[in-house]
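Residue strings, one per chain:
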Amino acid sequence: MTTTPILRLRGIDKSFGAVQVLHDVSFDVRPGEVTALVGDNGAGKSTLVKCIGGIHPIDGGEYWFDGERVQVHSPREAAALGVEIVYQDLALCDNLDIVQNMFLGREKRRGLVLDDTTMEEMAARTLEGLSVRTVTSIRQQVSSLSGGQRQTVAIAKAVLWNSKVVVLDEPTAALGVAQTAQVLELVRRLADNGLAVVLISHNMNDVFAVSDRIAALYLGRMAAQVSTSDVTYSQVVELITSGRSGDLGLAHSNGVTA
Amino acid sequence: MKAGPSQEEIRRHNLGTLLRHVHIGGSMSRAVLAERMGLNRSTILGLVSELGAAGLVREELPRETGRAGRPSLVVRPESDRVYVLAFDVGVDRMSAARIGLGGVFLDRREIPVLPGPRDAGKVAEVLAGCALDMVGAARRGTHCVGVAAAVRGTVRRSDGLVRAAPYLGWEDEEFGEDLMRRLGLGLPVSVGNEASLGALAEHLRGAGTGCQDLVYLHGDIGIGGGVVTGGQLLGGDCGYGGEIGHMVVNPRDGRPCGCGARGCLEAEAGERALLEAARRDPSSTGREAVHAVVEAADRGDIVARAALRDVGDWLGIGVANLVNVLNPRTVVFGGTLREVFLGAAAQIRSRINRLALTASRENLRLRVGELGDDAVLVGAAELAFSEILVGPLETLARAGARTA
Ligand SMILES: Nc1ncnc2c1ncn2[C@@H]1O[C@H](COP(=O)(O)OP(=O)(O)O)[C@@H](O)[C@H]1O
Ligand SMILES: [Mg+2]
Ligand SMILES: [Zn+2]
């Protein structure tokens, strides 16, 4: 049942000045699946995501998309491929309504001019396609929404343009139990609708509840990428904290002082 | 040698199949129906006209397509005209709903009750009262075409006798018969097990749509189970199959179960086990109490965390057994188990991964129910719709004769 990856990174290196943050990272993301990206604080998850999204240029390595080697130098180029990132700080405008937020900065990027009715229709159809029932009106101001609803709007914004890969950087970090459940269900539905989804989370229950695969970063290296039906909680925790677990993970302490 | 089906039988079958397609799949064009049913367009046209003339479907323009050009008509089920009555005898509430063709809730009533034993006659009286009220409020010219009720207990398939429903104190209750008499609609009342109906609902309209092999676990006072295998609800010899809550996982020193055995999954992983392990006030039970434990665990409470880990462990053991025996594609956690799953998924999945056979588990999907608290009612409605989906015109004619 293994599908071919739509996004494939090979040997990615990334440094900020003298500080190396990612080293020789390989990463595969498949359509119809949720790939959980896990790792300790500072392991490099957000940096990897920003490389995928074209915010940070990569120093070395290969970026493959849909079977072709590509260069991604800006968020615009990532979006053109169908790659959308929902960053930790959401970047929604409180004083605008849901529709305005979903199209904010996007019309121009796509070189389109859309009228209000069309935008409203597209927003409504997207939310409906995601079975979002928690939002009462799409003309509601974003300031009136709960944390879970804001995540929902940010995610809907990311899938509005038929994107193929959606990356969510810790979407449930600030949410309570009920709203986390809503967001997780949405994440699962995106993948079940055929999208490739990357989910960054610290919560192992969230990871095991919705992911099909787990990729563990350890000190800027990809320790392992495994199927969620093949590993246990303690193995994943070991991969996160020491980069290896039994015969899974990095062979040596990878030259980094422990 | 048996003769092949007659023209009449084939037509009846096709009418039923077409109606089922729009009932489950929603509005679709004749071209799509032709493709899905493997029939040519003129046959589909004939079937649609016949169902349309009877008032079961209508052809109309789709809502908006967003595409230019002339949109093609879609066939839509007549949800306002043809409906069923569905009942759920829950633990802390009784529900009745009037549900239209296509699965649309047209009207519903909820009666909160205190958990505990309840007289079957009284339950039937209250539910029949609600139902007749809803039937009375329905527009003229609408037809009730089936009735079904869900109970948390064992139900004999042949006659719907409720053999046992411990939470209500019922034993051998002719609940369906009684309900039918009180309704006086001239329609039999089908009775089903709540989790089996929940399984059916999630299979047809929820998290298991398109999945032919599914296990549904429903948590409330106990753990109910329903199994769909090869697209069919598993009932066993007499209809009692699928009692996953009474699968014995810990027989030697397990906790006593309401059924008299020890170490049933329900006893180890049900609501009571969770609340006791979390040292909660024994007087608070039900959804809110379970929610409070999951919230406490999320905030870091170690007692609540340990309780969820224990319960998750037993659930994982239970599901691993089911995976080995049934090889389901999807396991759906419904009722209060939805929250328990989200709060203990790491434990549950790890157990399954350690215990179940590699080949049986590798494509396994764990999902939460999509229909929420309505799963059981939706399933009951599907049971009530079964007759009209087999013989649409005959069933409707009978309903018309009754209301005339
Ligand atoms: N723009 C930046 N400039 C310099 N260092 C950075 C920058 N962004 C991240 N880092 C460093 O890179 C490392 C990885 O950070 P990050 O990718 O945010 O990790 P994670 O998301 O896994 O917690 C950290 O040591 C962090 O301080
Ligand atoms: Mg980060
Ligand atoms: Zn038992």
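Right above here is the structure, for reference.
These numbers were taken from a predicted model, which means no experiment stands behind them.

The rules behind the values
- Residues numbered from 1 in each chain as written.
- Chains lettered and ligands numbered in written order.
- Predicted model: local features only at pLDDT ≥ 70, side-chain atom pairs only at ≥ 80, totals over all residues.
- Heavy atoms only, no water.
- Helix = DSSP H or I, 4+ residues; strand = E, 2+ residues; numbered from the N terminus.
- Rg over C-alpha atoms; globule rule 2.2 N^0.38 Å.
- Buried < 20%, exposed > 50% of the residue type's maximum accessible area, 1.4 Å probe, protein only.
- Contact = heavy atoms within 4.5 Å.
- Areas by Shrake-Rupley, 256 points an atom, 1.4 Å probe, with all protein chains shown as cover.
- Lys, Arg positive; Asp, Glu negative; His and termini not counted.
- Charge placed at Lys NZ, Arg CZ, Asp CG, Glu CD.
- Arc of directions from axis to C-beta.
- Buried area = accessible area lost by both parts, 1.4 Å probe.
- Salt bridge = Lys/Arg side-chain N within 4 Å of Asp/Glu carboxyl O.
- Pairing = 2+ DSSP bridges.
- Axes fitted to C-alpha atoms, helices over the stretch in contact; angles between N-to-C directions.
- Donors = N, O, S within 2.8 Å, 3.2 Å for Na, K, Ca; no water.
- Tetrahedral: all angles 85-135°; square planar, octahedral: opposite > 155°, others 65-115°.
- 1 Å grid on protein atoms, 1.4 Å probe; cavity = no way out; pocket = protein on both sides within 12 Å on 5 of 7 lines; lining within 4 Å.
- Points joined across faces, edges and corners; volume = space filled by probe spheres on them.
- Nonpolar A, V, L, I, M, F, W, Y, C, P; charged D, E, K, R; others polar.

Trainee: Outline the overall build of chain A, supporting the account with residue identities and numerical values.
Mentor: Each helix and strand in chain A was counted, giving 8 helices and 12 strands. Whereas a compact globule of 258 residues would reach a radius of gyration of roughly 18 Å, chain A reaches 18 Å, a difference of no more than 12%. Considered along the principal axes of its C-alpha atoms, chain A spans approximately 60 × 40 × 35 Å. Burial statistics for chain A: of 258 residues in total, 52% are counted as buried. Pairs at least 24 residues apart make up 66% of the contacts formed inside chain A by residues separated by at least 6 positions. With the model as given, the accessible surface of chain A reaches about 11100 Å², and the carbon-plus-sulfur share is 49%. In chain A, which carries 23 positive and 29 negative side-chain charges, the distance between the mean positions of the two groups comes to 3 Å.

Trainee: Got a sec to walk through the environment of cysteine 51 of chain A? Specific residues and values, please.
Mentor: All names here are of chain A. Along the chain, the position of cysteine 51 falls in helix α1 (residues 45-52). Counting along the chain gives 143 residues from cysteine 51 to glycine 194, while the straight-line C-alpha distance between them is 23 Å. Beyond its immediate stretch of four places on either side in the chain, cysteine 51 contacts Lys14, Leu22, His56, Ile58 and Tyr63.

Trainee: Mind laying out helix α5 (residues 175-183) of chain B, listing which residues take part and the relevant values?
Mentor: Residues and elements named next belong to chain B. Of the residues making up α5, those classed as buried are Phe175, Gly176, Asp178, Leu179 and Leu183. The arc that holds every buried residue of α5, seen down its axis, measures 160°, which confines them to one face. Each element contacted by the buried residues of α5 is listed here: β4 (82-89), α4 (120-137), β7 (143-151), β9 (162-165), β10 (170-173) and β11 (189-193). Looking one or two residues beyond α5, the residue adopting positive phi is glycine 184, at roughly 60°.

Trainee: Pulling in residues and values, what's your account of the interface of chain A and chain B?
Mentor: Each partner contributes residues to the interface: chain A has 24 residues there, and chain B has 30 residues. For the pair chain A and chain B, the summed buried surface comes to about 2000 Å²; carbon and sulfur atoms form 49% of the total. Looking only at chain A, the three residues that lose the most surface to chain B are Val177, Asn205 and Ser229 of chain A, adding up to 27% of its buried area. Of the charged contacts, one joins arginine 338 of chain B and glutamate 185 of chain A as a salt bridge, the two residues approaching to 2.4 Å between their closest N and O atoms.

Trainee: Explain the side chain of arginine 189 of chain A to me, and be specific about the residues and the numbers.
Mentor: If you trace the backbone, arginine 189 of chain A turns up in helix α6 (residues 177-192). Summary of buried charges: arginine 189 of chain A has no salt-bridge partner, and the nearest side chain of opposite charge, glutamate 185 of chain A, is 4.0 Å away. Not counting the four nearest positions on each side in its chain, arginine 189 of chain A is found in contact with Leu130 and Ser131 of chain A together with Glu370 of chain B.

Trainee: Can you tell me about the sheet that holds strand β1 (residues 7-16) of chain A, naming the residues and giving the values?
Mentor: All names here are of chain A. Taking strand neighbours across the sheet as the criterion, the 4 strands line up as β2-β1-β4-β5 in an open arrangement whose pairing is antiparallel. In this open sheet, the two strands that pair with only one neighbour each are β2 (19-29) and β5 (68-70). Neighbouring strand axes in the sheet, compared pairwise and without regard to direction, differ in orientation by 30° on average. By the bridge criterion, 5 bridges tie β1 to strand β4 (residues 60-65) in an arrangement that is antiparallel. For leucine 9, the partnering residue across the bridge sits in β4 and is tyrosine 63. Set on the sheet, α1 makes contact with β1, β2 and β4; between it and β2 the angle comes to about 65°.

Trainee: Provide a residue-level description of the coordination of the zinc ion (ligand 3), including the pertinent values.
Mentor: The expected angle between donors at a tetrahedral four-coordinate metal is 109.5 degrees. At an octahedral six-coordinate metal it is 90 or 180 degrees. All names here are of chain B. The zinc ion (ligand 3) binds to the protein through His246 (ND1), Cys257 (SG), Cys259 (SG) and Cys264 (SG), with metal-donor distances spanning 2.0 to 2.3 Å. Considering all 4 donor atoms around the zinc ion (ligand 3), the spread of angles at the metal, 105 to 120°, places the coordination shape in the tetrahedral class. Of note, the zinc ion (ligand 3) draws all its donor residues from one chain, in the sequence arrangement H-x10-C-x1-C-x4-C. With histidine 246 in the loop between β14 (232-233) and α7 (265-269) and cysteine 264 in the loop between β14 and α7, the pair connects residues that are 18 residues apart, well separated along the chain.

Trainee: Could you give an account of the layout of surface pockets, with specific residues and numbers?
Mentor: The volume enclosed by the largest pocket comes to roughly 1500 Å³. Those elements giving two or more residues to the lining of the largest pocket turn out to be α4 (116-129) and α6 of chain A together with α1 (7-25), β3 (74-77), β6 (104-112) and α6 (194-205) of chain B. At 7 residues, the largest contribution of residues to the lining of the largest pocket is made by α6 of chain A. Of the residues in the lining of the largest pocket, the class split is 13 nonpolar, 15 polar and 11 charged. The volume enclosed by the second largest pocket comes to roughly 1200 Å³. Along the wall of the second largest pocket there are 44 residues; nearest its centre are Leu200, Leu233, Glu382, Leu383 and Ser386 of chain B. Only α1, α5, β11, α6, β14 and α13 (375-390) of chain B provide two or more residues apiece to the lining of the second largest pocket. Residue composition of the lining of the second largest pocket, grouped by class: 16 nonpolar, 20 polar and 8 charged.

Honestly, that's just the spatial picture; any functional story needs more than this.
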